[in-house]
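# Observations on the model geometry
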Amino acid sequence: MARLRIAVMGCADIAARRVLPAIARSDKLELVALASRDAEKAKATARPYGCRPVHGYRGLLEDPDVEAVYLPLPCALHAHWVEAALRAGKHVLAEKPLTPEPERTAALFALAQERGLALMENIMFLHHPSHATVSGLLAQGLIGEPRAFRAEFTVPRRPAGDIRYQSALGGGALLDTGVYPVRAAVHLVGAELTTVAATLLRGPGFEVDTGGAAVLRSPQGVIVQIAFGLDHGYRSAYELTGTHGRISLDQAFTPPAGHRPVLRLERPSGTEERRLPAHDQVVATLESFARAAAAGRSPDVRASLRLSALLHAIREHAEGPS
């Protein structure tokens, strides 16, 4: 497979800190350009990678040498620029969530399908093999029938002015950290979850939700409890409880490439800890996107649609009637 010629639309922290270095490490992608609304910032960010700096996002989409774009822009800008990129004939890897509006999300996937392009939501933890290990243990029935799933992703407070705290840019804990436990529940419990209850909390002086929790339920009666936050001690873990035991995983969502996650399996016969292999989930995500682009198909469409619907439902439950 020829290397996918990819460009980055924006100089967000996640792009500079994790994705650009991962593109450089992969032999499946070639970084050809990087765009910013600030010409000097584009030059400075592009320089270490030897790619072409572009002033403005539109100019990037008009470049015939660009086959695909990675879009790390704030959530409120996703729908506009994802659509623009698809209409320009580019495959798109967009930061999560694609959009929190189910109808808009569905329309973007429909547009990608119509044009034979890949549209993928960038949820990197799904590409770490530790979750396949968990799924395998569940399939073997090692903890019996699933009864409950609990997941938490919380991070410390960011500096004042961070985009996560700006409502106009689609900030807030639900759309930033809440995405992870909700998507993990869809992955491990099932897509047909419904929202039972939810709450969102806004810390003093903030204009967005800085924390929250939700209770979901599967058609089979599995209860899902999730918690998330942007003004908390760091926590990144989940656990599944069954009729005969429990599985828990540490560093579930953002493990560094060299980290070996610890899986804990509790059963009546005893408790076992397994240190799983390290894996570079950022490179794995990018290479999964390259394969989707080569096939001209969007992966995990149903799961992305369910994620969008659940985020919408959680906010509706939390905010109540207007």
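Each chain carries its own residue numbering, running from 1 in the written order of its sequence. The model is predicted, so local features are restricted to residues of pLDDT at least 70 and side-chain atom pairs to those at 80 or more, both for listing and for counting; the totals for chains, interfaces and linings are taken over all residues. Processing note: side-chain calculations cover all non-hydrogen atoms of the structure and skip hydrogens and water entirely.

## A look at the overall build of the protein chain
Our working rule: Put simply, DSSP marks the helices as runs of H or I at least four residues long and the strands as runs of E at least two long, and each gets a number from the N terminus on. Just to be clear, the radius of gyration here is over C-alpha atoms, and the globule rule we use is 2.2 Å times residues to the power 0.38. Type-normalised accessible area, obtained with a 1.4 Å probe on protein chains alone, sets the label of each residue: buried when under 20%, exposed when over 50%, and partly exposed for intermediate values. Residue-level accessible areas treat just the shown protein chains as cover; the underlying method is Shrake-Rupley with a 1.4 Å probe. Only four residue types enter the charge count: Lys and Arg as positive, Asp and Glu as negative, with His and the chain ends excluded. For this purpose, a charge sits on NZ of Lys, CZ of Arg, CG of Asp or CD of Glu.
Of the regular secondary structure elements, the protein chain holds 10 helices and 14 strands. In terms of C-alpha radius of gyration, the protein chain reaches 20 Å, essentially the compact-globule figure of 20 Å for 322 residues. Along the first, second and third principal axes, the C-alpha atoms of the protein chain reach 60 × 50 × 40 Å. Here the protein chain holds 322 residues, and 53% of them are scored as buried. On the protein chain, roughly 14,000 Å² of surface is accessible, and the fraction owed to carbon and sulfur atoms is 50%. Of the charged side chains in the protein chain, 37 are positive and 33 negative; the average position of the first set lies 3 Å away from that of the second.

## Observations concerning the sheet that holds strand β4 (residues 68–71)
Put simply, the rule is: Note: two strands are recorded as paired if DSSP finds a minimum of 2 bridges between them. With axes taken as lines fitted to C-alpha atoms, and helix axes fitted only over the stretch in contact, angles between N-to-C directions fall between 0 and 180 degrees.
With parallel pairing, 6 strands are arranged side by side in an open sheet as β3-β2-β1-β4-β5-β6. If you trace the sheet from one side to the other, it starts and ends with β3 (52–55) and β6 (119–122), each paired once. Across the sheet, the mean angle from the axis of one strand to that of its neighbour is 25°, orientation sign disregarded.

## Quick look at the sheet that holds strand β14 (residues 270–275)
One open sheet accounts for 8 strands, arranged β8-β9-β10-β7-β11-β12-β13-β14; its pairing is mixed. Here the strands that pair on one side only, and so sit at the sheet edges, are β8 (194–201) and β14. Averaged over neighbouring strand pairs, the angle between their axes works out to 10° when direction is ignored. Bridging between strand β9 (residues 211–217) and strand β10 (residues 223–229) involves 7 bridges; their strand directions are antiparallel.

## As for the nonpolar core
Put simply, the rule is: The set of buried Ala, Val, Leu, Ile, Met, Phe, Trp, Tyr and Cys residues whose side-chain atoms join them within 4.5 Å is what this entry labels a nonpolar core.
By size, the foremost hydrophobic cluster in this structure holds 51 residues, and its most contacted members are Phe149, Tyr238 and Phe253. The element that contributes the greatest number of residues to this core is helix α8 (residues 179–188), accounting for 7 residues. Ala79, Trp81, Ala85 and Leu98 belong to the second largest nonpolar core, which has 28 residues in total.

## Thoughts on the packing of aromatic side chains
Threshold: For this analysis, a ring pair means two rings from Phe, Tyr or Trp (six-membered ring only for Trp) whose centres lie within 6.5 Å, classed as stacked if their planes differ by under 30 degrees, edge-to-face if by over 60, and tilted for the remaining angles.
Inspection of every chain in the model, using the stated rule, returns 10 aromatic pairs. Taken together, a centroid distance of 5.5 Å and an interplanar angle of 40° make the contact between phenylalanine 149 and tyrosine 238 tilted. Here phenylalanine 149, found in strand β7 (residues 146–154), pairs with tyrosine 238, found in strand β11 (residues 235–242); they are 89 residues apart in sequence, far enough to count as distant. Taken as a pair, phenylalanine 149 and tyrosine 238 share a single burial class, namely buried. Connected via pairs of aromatic rings, a cluster forms that spans Phe125, Phe149, Phe153, Tyr180, Tyr234, Tyr238 and Phe253.

## Focus on the pattern of salt bridges
As a reminder, the rule being used: In the sections that follow, a salt bridge refers to a side-chain nitrogen of Lys or Arg positioned within 4 Å of a carboxyl oxygen of Asp or Glu.
This model, assessed by the stated rule, comprises 24 salt bridges. Salt-bridge contacts for aspartate 27 lead to lysine 28; the nearest nitrogen and oxygen are separated by 3.0 Å. Note that aspartate 176 and arginine 164 form a salt bridge whose closest N and O atoms lie 3.5 Å from each other. Remark: arginine 164 occurs in the loop between β7 and α7 (173–176) and aspartate 176 occurs in helix α7; sequence separation between them is 12 residues. Under the relative-accessibility criterion, aspartate 176 is labelled buried at 18%. Residue classification places arginine 164 among the partly exposed positions, given a relative accessible area of 22%. Overlapping salt bridges, with partners in common, bring together Arg150, Glu239, Arg246, Arg264, Glu266 and Glu273 in one network.

None of this, on its own, says anything about what the molecule does.
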